[in-house]
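Below, each chain spelled out in residue letters.
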Amino acid sequence: MAANKECTFIAIKPDDVQRGLIGDIIKRFEQKGFQLVAMECQQVSKEHLQQHYIDLKDRSFHNALVDYMNSGPVVAMVRQGLKGLNVVKTGRIMLGETNPVDSKPSTIKGDFCIQVGRNICPGSDSVESVEKPNALWFKDDEQV
Ligand code: DAT
Ligand code: MG
């Protein structure tokens with residue numbers, strides 16, 4: 001990543017790939033002006049997902065979450081903007097709250113889903129936490 005850029009990791013979950021929402025979701029980040037760094041539709045292993053959700057390993061829903069994310073292909077992407085434009089924070093605002101019940105209309109979760117276990121899009125929640133998922137999901141030479 002260029003030194004003057006801030007990255008965020010965003011994904012689209014299996015049932016939303018199946019619902020045909022990829023275009024609608026990508027369009028919002030395109031319109032916003034977040035630059036595309038990497039994007040791939042991939043079905044990843046449970047081990048990969050356990051690593052991705054390692055911070056939630058003690059939560060009751062952890063195994064169900066891993067099984068669900070492993071149930072079909074997901075679209076993973078990295079987007080970036082100039083430092084100071086806060087793409088991580090803005091990305092989270094565009095996604096909405098973790099629980100769609102709390103998400104405002106015009107956010108992704110506010111517009112496309114109704115329950116927390118099927119909440120469409122994970123996205124980085126801090127600048128510090130971006131590097132790990134980017135490295136887990138994409139090799140260096142897959143990020144342009
Ligand atoms: P976010 O995806 O908004 O960063 P998170 O990292 O706390 O939220 O949780 C990761 C995923 O785990 C979330 O997208 C859906 C699932 N999840 C979170 N809280 C849950 C709950 N109370 N019941 C069921 N699934 C939950
Ligand atoms: Mg999270």
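A few points on the structure. (Residues numbered from 1 in each chain as written. Chains lettered and ligands numbered in written order. Predicted model: local features only at pLDDT ≥ 70, side-chain atom pairs only at ≥ 80, totals over all residues. Heavy atoms only, no water.)

## Let's talk about the overall build of the chain
Note the cut-off: What counts as a helix is a DSSP run of H or I of at least four residues, what counts as a strand is a run of E of at least two, and both are numbered from the N terminus. For every residue, the accessible area (1.4 Å probe, protein chains only) is compared with the maximum for its type, and the residue is labelled buried under 20%, exposed over 50%, or partly exposed between those bounds. Contact criterion: two residues are considered in contact whenever any of their non-hydrogen atoms come within 4.5 Å of each other. Reported accessibility uses the Shrake-Rupley method at a 1.4 Å probe radius. Residues are deemed covered only where the shown protein chains occlude them.
Helix and strand counts for the chain come out as seven helices and three strands. Going residue by residue from the N terminus, the α and β elements of the chain occur as β-α-α-β-α-α-β-α-α-α. Principal axes of the C-alpha set define a box for the chain whose edges measure 40 × 35 × 25 Å. The buried share of the chain, reckoned over its 144 residues, is 46%. Within the chain, residue pairs in contact and separated by at least 24 positions form 77% of the contacts whose partners lie at least 6 positions apart. With the model as given, the accessible surface of the chain reaches about 8,000 Å², and the carbon-plus-sulfur share is 50%.

## Some details on a negative patch on the surface
So the rule is basically this: Think of a patch as exposed residues, more than 30% relative accessible area, with no salt bridge, where like charges cluster within 9 Å and nonpolar side chains (Val, Leu, Ile, Met, Phe, Trp, Tyr) cluster within 5 Å. Every case where a carboxyl oxygen of Asp or Glu lies within 4 Å of a side-chain nitrogen of Lys or Arg is listed as a salt bridge. Positive charges come from Lys and Arg, negative ones from Asp and Glu, while His and the chain ends are left out of the count. The atoms used to mark charge sites are NZ of Lys, CZ of Arg, CG of Asp and CD of Glu.
A cluster of acidic side chains, namely Glu-40, Asp-140, Asp-141 and Glu-142, defines a negative patch on the protein surface. One can find Glu-40 in strand S2 (residues 35–42). Looking at Glu-40, the relative accessible area reads 33%, which means it is partly exposed.

## Quick look at the nonpolar core
For the record, the criterion: The criterion is simple. A nonpolar core is a set of buried Ala, Val, Leu, Ile, Met, Phe, Trp, Tyr and Cys residues joined through side-chain atoms within 4.5 Å.
Ranked by internal contacts, the top residues of the largest apolar core, which has 19 residues, are Phe-9, Leu-49, Met-69, Ala-76, Val-78, Trp-137 and Phe-138. Secondary structure elements with two or more residues in this core: strand S1 (5–12), S2, helix H4 (62–69) and strand S3 (74–82). No other element matches the four residues that H4 contributes to this core. Once residues lying within four places of it in the same chain are set aside, the contact partners of Leu-49 are Val-44, Val-66, Met-69, Asn-70 and Trp-137. Counting residues in each nonpolar core, the second largest holds 18 residues, with Ile-12, Leu-21, Phe-29 and Ile-120 among its members.

## Observations regarding the site of ligand 1
Which entries qualify depends on this criterion: Here, proximity means that at least one heavy atom of the residue falls within 4 Å of the molecule or strand. Throughout this description, a polar contact denotes any pair of N or O atoms lying within 3.5 Å of each other; where both atoms belong to protein, one of them has to be capable of donating a hydrogen while the other can accept it, and for residues adjacent in sequence the pair is counted only when both atoms sit in side chains. For this classification, the nonpolar set comprises Ala, Val, Leu, Ile, Met, Phe, Trp, Tyr, Cys and Pro, the charged set comprises Asp, Glu, Lys and Arg, and every other residue, Gly included, is treated as polar.
In the vicinity of ligand 1, the contacting residues are Lys-13, Tyr-53, Leu-56, Phe-61, Leu-65, Arg-92, Thr-98, Lys-109, Val-116 and Asn-119. In the environment of ligand 1, an oxygen atom lies 2.5 Å from a nitrogen or oxygen atom belonging to the side chain of Thr-98. In the environment of ligand 1, an oxygen atom lies 2.9 Å from a nitrogen or oxygen atom belonging to the side chain of Asn-119. When isolated, ligand 1 has an accessible area of 520 Å², and the protein chains bury 73% of it. Looking at side-chain class alone, the shell around ligand 1 contains five nonpolar, two polar and three charged residues.

## With respect to the pattern of salt bridges
A complete count under the given rule lists five salt bridges for this structure. Residue Arg-28 is joined to Asp-111 by a salt bridge in which the shortest nitrogen-to-oxygen separation is 2.8 Å. Here Arg-28, found in helix H2 (residues 22–32), pairs with Asp-111, found in helix H6 (residues 108–112); they are 83 residues apart in sequence, far enough to count as distant. Exposure remark for Asp-111: the relative accessible area of 38% places this residue in the partly exposed category.

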